[in-house]
Amino acid sequence: MAQTAAPDTAKVVAGWPTPTGTIDLWPKGAPGQLHPDMKEHVEETSLDPAVKFRRVQGISKPRMAVFPAENPNGGAMLIIPGGGFWWNYFDHEGYQLADYLNKQGITCFVLFYRLANDGWQNAADVGTIDAQRAMRLIRQNAAQYKIDPKRVGVAGFSAGGFVTASLATRHAQALYSSVDEADQLDARPMIAAPIYPVISLDPAIAYEGTAPSLLGGPATAEQIARYAPDHNVDAHTPPMFLAQAEDDTTVPVANSIVMRDALKARGITVETHLFASGGHGFGMKADLDRPYHIWPQLLVNFARSQGLMG
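Below, the structure is looked at part by part. (Residues numbered from 1 in each chain as written. Predicted model: local features only at pLDDT ≥ 70, side-chain atom pairs only at ≥ 80, totals over all residues. Heavy atoms only, no water.)

1. Here's the deal with the side chain of Arg-136
This is how the line gets drawn: Here a strand is any run of E in DSSP of at least two residues, a helix any run of H or I of at least four, and the numbering for each starts at the N terminus. Two N or O atoms count as a polar contact when they lie within 3.5 Å, although within protein this holds only if one can serve as hydrogen donor and the other as acceptor, and sequence-adjacent residues are included solely when both atoms are side-chain atoms. Note on contacts: a residue pair qualifies if any of its non-hydrogen atoms lie within 4.5 Å across the two residues.
Secondary-structure assignment places Arg-136 in helix H2 (residues 126–140). Within the structure, the side chain of Arg-136 is placed 2.8 Å from the backbone oxygen of Leu-185, a separation counted as a polar contact. Discounting residues that sit within four places of it in the chain, Arg-136 has contacts with His-171, Tyr-176, Ala-182, Asp-183, Leu-185, Asp-186 and Ala-187.

Encoded structure:
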């Protein structure tokens, strides 16, 4: 599949990770659009000219930004940024992780997925649908990128962690109508890494924006059973890596804990790192004096132990 020219989210910034191109997910347009005139909007939220901290909303053309490894080892990672289902913070939760993993030989694809709050039919599933489609397209194009199609993982942050965990637990569910031969391929990731993830729909511990964003109001028992990743773990859920800070005041750390417990109950391999401090949204921020900054290396170690790196 040919790569397309990149929009503002892929413009070259001196000294900053930049994708080589993008892969559109839906050749005939994304299904379920409610606002055909929706425009993509990119904001720079960093006050430091040396640091990029961009976010985008209004994603009407879901796509992957491509980061090929210079010395590929055959492993690949789909990266899913967060942003509370309102935004996609694609630098510190996307491009920077791709750059880091590239140096480990892992080819990366940063997902610009449809955001529930932008207005789509079936808002609760649009992110998961885009993630399923992305995994299948990565595998379809494995030879082009020197990837072993069996060795494709997924990592995501916050609301993107919800999409990551949903892909890991609902990869086999038929959530959309097939559009081409890619949709015959497996969407199951080899490993999954939800980082400070939105997981639960239990109002006692859920991120306050989850149910309103995905469901339009409080979750019913039926919706919790259908959509909450911790309720959908089964024998086919892949090994999982979890990392979060105990002082996260946006997404309660209980979200990681209930996911860990659900995985353990099913006998699924899980590695969990809970840092004493770090708050929410640390991603790839360069706070080298904070203990959480080691999480990317811990993820690489986990990926290697599970065979993603060959």
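2. What about the sheet that holds strand S8 (residues 192–195)?
The pairing of strands in a sheet happens through backbone hydrogen bonds and is either parallel or antiparallel. Stated precisely, the cut-off is as follows: Paired strands are those between which DSSP finds at least two bridges. For helices, the fitted axis covers only the stretch in contact; all axes are lines through C-alpha atoms, and the angles between them, taken along N-to-C directions, range from 0 to 180 degrees.
Read across the sheet, eight strands follow the order S1-S4-S6-S5-S7-S8-S9-S10 without closing on themselves; strand pairing throughout is mixed. Since the sheet does not close on itself, it has two edges, and those belong to strand S1 (21–24) and strand S10 (270–275), each with one partner. The sheet shows a mean angle of 20° between the axes of neighbouring strands, direction not considered. Where strand S4 (residues 63–67) and strand S6 (residues 107–112) come together, five bridges link them in antiparallel fashion. The residue bridging Ala-65 from the neighbouring strand is Val-110, located in S6.

3. Section: empty space enclosed by the protein
We count it as follows: Buried and open spaces are told apart on a 1 Å grid over the protein atoms alone, a cavity being a set of points where a 1.4 Å probe fits but cannot get out and a pocket being an open set with protein on both sides within 12 Å along at least five of seven lines. Residues with an atom within 4 Å of a point are the lining residues. Grid points are joined across faces, edges and corners, and a volume is the space filled by probe spheres set on the points. The residue classification treats Ala, Val, Leu, Ile, Met, Phe, Trp, Tyr, Cys and Pro as nonpolar and Asp, Glu, Lys and Arg as charged. All others, Gly included, are polar.
As enumerated under the stated definition, the model contains one cavity of 30 Å³ or more in all. Volume-wise, the largest cavity comes out at about 70 Å³. Elements represented by at least two residues in the lining of the largest cavity include exactly H2 and helix H3 (159–170). Counting residues per element, the lining of the largest cavity draws most heavily on H2, which supplies three residues. For the lining of the largest cavity, a count of residues per class yields 10 nonpolar, two polar and two charged.

4. Some thoughts on the pattern of salt bridges
Oppositely charged side chains can pair when the atoms bearing their charge come close. The cut-off we apply is this: What counts as a salt bridge is simple: a side-chain nitrogen of Lys or Arg found within 4 Å of a carboxyl oxygen of Asp or Glu. Only protein chains enter the calculation, and the probe is 1.4 Å; a residue is then buried if its accessible area is under 20% of its type maximum, exposed if over 50%, and partly exposed in between.
Taken as a whole, this structure holds 12 salt bridges when the rule is applied. Across the salt bridge formed by Asp-99 and Lys-103, the nearest N and O atoms sit 2.8 Å from each other. Residue classification places Asp-99 among the partly exposed residues on the basis of a relative accessible area of 29%. Here Lys-103 falls in the exposed class, since its relative accessible area comes to 61%.

5. A closer look at the layout of surface pockets
In this approach a probe as big as a water molecule rolls over the atoms, and the regions it shows empty are the leftover space. Reported here for the largest pocket is a volume of approximately 170 Å³. For the largest pocket, the lining is made up of 16 residues, of which Gly-83, Tyr-89, Glu-93, Ser-158 and His-280 are closest to its centre. A breakdown of the residues in the lining of the largest pocket according to their chemical character gives six nonpolar, eight polar and two charged.

6. Considerations on the environment of Ile-205
Residue placement: Ile-205 occurs in the loop between S8 and helix H4 (210–215). Expressed as a C-alpha distance, the spacing of Ile-205 and Phe-157, which sit 48 residues apart in the sequence, is 17 Å. For Ile-205, the contacting residues outside a window of four places in its chain are Ser-200, Pro-252, Ala-254, Asn-255 and Val-258.

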